[in-house]
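Residue-level listing of the chains:
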Amino acid sequence: MTKITAAITAVASYVPETKLTNADLEKMVDTTDDWIMARTGIKERHILKGENQGVTEMAKHAVQKLLDKRGIGADEIDLVIFCTVTPDKVFPASANIVSRKVGMNNAFGYDLNAACSGFIYGLVTGSKFIETGSYKKVLVIGADKMSSIIDYTDRATCIIFGDGAGAVLLEPNTEGNGIQDSILKSDGNGEAFLHQKAGGSEKPPTLETIANGEHYVYQEGKTVFKFAVSKMADVSFEIMQRNQLTADDVSWLVPHQANLRIIEATANRMGVGKDKVMINIDRYGNTTNGTIPICLAEWESRLNKGENIILSAFGGGFTWGSVYLKWAYDSEA
Ligand code: UT7
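Residues numbered from 1 in each chain as written. Predicted model: local features only at pLDDT ≥ 70, side-chain atom pairs only at ≥ 80, totals over all residues. Heavy atoms only, no water.

Caption draft 1: Geometry of the packing of aromatic side chains. One pass over the full model with this rule turns up eight aromatic pairs. Both rings, one in Phe 108 and one in Phe 129, keep their centres 6.1 Å apart while their planes meet at 65°; by these two values the pair is edge-to-face. On the criterion of sequence distance, the pair formed by Phe 108 in strand β5 (residues 108–112) and Phe 129 in helix α5 (residues 118–131) is long-range, its members being 21 residues apart. (Phe/Tyr/Trp six-rings, centres within 6.5 Å; stacked < 30°, edge-to-face > 60°. Helix = DSSP H or I, 4+ residues; strand = E, 2+ residues; numbered from the N terminus.)

This is the structure:
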């Protein structure tokens, strides 16, 4: 019997129009463009503005674009996995909300929260539904409205994050392309260093939690940085080794965009030159679940069938991991 692999067959992204530049941030907190560029590599980010605009508003644009590109109807989608830490609501799932907005009436769906590693967790999870032959069209969305949980008086966090959405379609492949291998990891001890203090069942919202700013991202940046550098680099190297891939065999590294220095450390450990690393952190900052699919969408026209691509991420939890895939199509763009 021919082996079925799960392959990405379409990708699209969306970022909101409004930009928040380093020059804007210089007016809001005690920081400088030089500091932000030197420490993170970020120049600007996009922010979703307006009343009643949640993460699904961005996701719906990305999904609609993807369906148009692939030339299929919304009702052909079987499953929607929505990877996010900023869902529209605690419930129902943003997967259900975006399905309604786009008209994915035959799909079931759920949200997946693995912080910045969510998209690769979602990709691996989605691939299993394809590999078993159970489903034919699985949509994996990575999207976050980080501006909804960022304290714009905290210079250590507000400079990093931005809003954005990306989506990929997974379909069965019998040519040997698509997802080849993955390594996913987590360590709950990371909670102390990166979390949101209130708003969940442990500490529901009160006037006091709001007054104390406990609904914002809390991050001990230095510690997170240290773990991110070692874990993301190690896991990316490990997946190369276990698949007998040399740096020459790797066409592209698609790293989570949290900090340019973390990306460079990962590429160095893999021995992959900067010309083969997708980097757009300067324009979007850290869009959490959005970073990897946004990169894939921006680089899609340069990707060729059969190329070896490594996706890598690290995030809150802690969570981290790598996916090795063979690109499944030549872009018509
Ligand atoms: O994607 C999910 C996972 N998250 C990450 O991967 C983020 C990982 N962490 C980082 O990227 C970095 O730790 C940051 C970019 C958040 C911070 O950079 P850093 O080089 O680790 O700075 P730091 O926190 O060690 O702070 C160094 C100094 C401090 O001043 P003192 O104590 O040395 O006087 C900070 O108060 O820089 C100061 N500082 C700033 N100065 C100007 C912190 N933020 C700023 C700022 N502008 N925006």
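Caption draft 2: Fine view of the sheet that holds strand β11 (residues 250–255). As summarised here, the arrangement of the four strands in space is β8-β13-β12-β11, forming an open sheet in which the pairing is mixed. Each edge of the sheet is formed by a strand with only one pairing partner; in this case those strands are β8 (178–186) and β11. Strand after strand, the sheet turns through a mean of 15° between neighbouring axes, direction not considered. Two strands pair when backbone bridges link them, and β11 and strand β12 (residues 308–315) are joined in this way by five bridges, in the parallel orientation. Directly across from Val 250, in β12, lies its bridge partner Asn 308. (Pairing = 2+ DSSP bridges. Axes fitted to C-alpha atoms, helices over the stretch in contact; angles between N-to-C directions.)

Caption draft 3: Up close: the site of the ligand. The full set close to the ligand counts 22 residues, and Thr 31, Arg 39, Lys 222, Asn 259 and Asn 286 are the nearest of them. Arg 155 is positioned with one of its side-chain polar atoms (N or O) 2.9 Å from an oxygen atom of the ligand. Between Gln 219 and the ligand, the recorded distance is 3.1 Å, taken from a side-chain N or O atom to a nitrogen atom. In the complex, 74% of the free accessible area of the ligand, which totals 940 Å², lies under the protein chains. If you list the elements that add at least two residues to the shell around the ligand, you get α2 (33–40), α6 (155–158), α8 (221–242) and α9 (260–270). Here the shell around the ligand takes four residues from α8, the largest share from any one element. Here the shell around the ligand is built from residues that sort into ten nonpolar, seven polar and five charged. (Near = heavy atom within 4 Å. Polar contact = N/O pair within 3.5 Å; in protein donor to acceptor, adjacent residues only side chain to side chain. Areas by Shrake-Rupley, 256 points an atom, 1.4 Å probe, with all protein chains shown as cover. Nonpolar A, V, L, I, M, F, W, Y, C, P; charged D, E, K, R; others polar.)

Caption draft 4: Highlighting the side chain of Asn 22. For Asn 22, the position within the fold is in helix α1 (residues 22–28). At 2.8 Å, the side chain of Asn 22 and the side chain of Asp 33 are in polar contact. With residues near it in sequence (within four places) discarded, Asn 22 still touches Asp 33, Ile 36, Met 37, Ile 42, Lys 43, Glu 44 and Arg 45. (Contact = heavy atoms within 4.5 Å.)

Caption draft 5: Broad picture of the sheet that holds β5. Read across the open sheet, the five strands follow the order β1-β7-β6-β4-β5; overall the sheet is mixed. If you trace the sheet from one side to the other, it starts and ends with β1 (5–14) and β5, each paired once. Within this sheet the neighbouring strands show an average axis-to-axis angle of 20°, counted without direction. Packing of helix α3 (residues 55–70) onto the sheet brings it into contact with β1, β4 (79–83), β6 (138–145) and β7 (163–173), and relative to β1 it is tilted by some 120°.

Caption draft 6: Structural detail: the packing of α3 against helix α4 (residues 94–102). At a minimum axis separation of 9 Å, α3 and α4 run at an interaxial angle of 55°. Taken together, α3 and α4 sit at an angle that is classed as oblique. For the pair α3 and α4, the crossing hand works out as right-handed. Facing Val 55, Thr 56, Glu 57, Ala 59, Lys 60, Val 63, Gln 64 and Leu 67 of α3, the residues of α4 in contact are Ser 94, Ile 97, Val 98, Lys 101 and Val 102. (Parallel < 35°, antiparallel > 145°, perpendicular 65-115°, else oblique. Left-handed = near helix turned anticlockwise from the far one by under 90°.)

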